[in-house]
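Listed below are the residues making up each chain.
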Amino acid sequence: QVQLVESGGGLVQPGGSLRLSCAASGSIFRLYAMGWYRQAPGKQRELVANIMSGGRTNYRDSVKGRFTISRDNTNNTVYLQMNNLKPEDTAVYYCNAQNVALGTYWGQGTQVTVSS
């Protein structure tokens with residue numbers, strides 16, 4: 001079992017920045033691939049970025065160059081630094097932990113709203 005708790009969402013103006021955090025507990029954090037997903041109203045949940053246990057990262061095209069995912073295996077935390085935010089980034093952002101043998105887990109989500 002893994003418990004994931006997100007924080008750091010909020011309201012920001014276009015061009016602004018936010019840093020999301022996801023604190024994990026309950027299992028061996030370093031064994032999991034960690035990801036950030038988002039879901040806007042009326043749309044499907046989509047992968048924003050993920051980071052493998054070895055540190056390799058992947059980003060969806062629309063956030064490349066603006067978002068950075070990182071992980072701290074000492075403190076069992078994954079981060080998403082979001083810069084130059086756009087209104088289309090508005091969504092609920094979810095933290096995800098995946099391991100083929102150990103399972104898949106989700107956080108409760110944190111709202112990000114980009115608006116002037």
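Whatever comes next refers back to the structure up there.
Keep in mind it's a predicted model, so treat the numbers as computed, not measured.

So, how was this worked out
- Residues numbered from 1 in each chain as written.
- Predicted model: local features only at pLDDT ≥ 70, side-chain atom pairs only at ≥ 80, totals over all residues.
- Heavy atoms only, no water.
- Salt bridge = Lys/Arg side-chain N within 4 Å of Asp/Glu carboxyl O.
- Helix = DSSP H or I, 4+ residues; strand = E, 2+ residues; numbered from the N terminus.
- Buried < 20%, exposed > 50% of the residue type's maximum accessible area, 1.4 Å probe, protein only.
- Pairing = 2+ DSSP bridges.
- 1 Å grid on protein atoms, 1.4 Å probe; cavity = no way out; pocket = protein on both sides within 12 Å on 5 of 7 lines; lining within 4 Å.
- Points joined across faces, edges and corners; volume = space filled by probe spheres on them.
- Nonpolar A, V, L, I, M, F, W, Y, C, P; charged D, E, K, R; others polar.

K.L.:
I'd love a proper account of the pattern of salt bridges, names of residues and values included.
P.N.:
Applying the stated criterion to the full structure yields five salt bridges. Residue Asp-89 pairs with Arg-38 through a salt bridge whose shortest N-O separation is 3.0 Å. Here Asp-89, found in the loop between β8 (77-82) and β9 (91-99), pairs with Arg-38, found in strand β4 (residues 33-39); they are 51 residues apart in sequence, far enough to count as distant. Across the pair Asp-89 and Arg-66 runs a salt bridge whose closest N-O atoms are separated by 2.8 Å. Of this pair, Asp-89 sits in the loop between β8 and β9 while Arg-66 sits in the loop between β6 (57-59) and β7 (67-72); the two residues are 23 residues apart in sequence, bridging distant segments of the chain. Given the relative accessible area of 8%, Arg-66 is considered buried. In the salt-bridge network here, residues are joined through shared partners; they are Arg-38, Glu-46, Arg-60, Arg-66 and Asp-89.

K.L.:
Provide a residue-level description of the pairing of strand β1 (residues 3-7), including the pertinent values.
P.N.:
Only one face of β1 is covered, namely the face carrying Leu-4 and Glu-6; the face carrying Gln-3, Val-5 and Ser-7 is uncovered. Here β1 runs beside strand β3 (residues 18-25); their pairing, made up of five bridges, is antiparallel. Each bridged residue has a counterpart across the sheet, and for Leu-4 the counterpart in β3 is Ala-24.

K.L.:
Which residues make up empty space enclosed by the protein, and what are the values?
P.N.:
Applying the stated criterion to the full structure yields one cavity of 30 Å³ or more. Quantified by volume, the largest cavity comes out at close to 50 Å³. Lining of the largest cavity is provided by Val-2, Leu-4, Ala-24, Ser-25, Ser-27, Ile-28, Phe-29, Tyr-32, Met-34, Asn-76 and Ala-97. The class makeup of the residues in the lining of the largest cavity is eight nonpolar, three polar and no charged.

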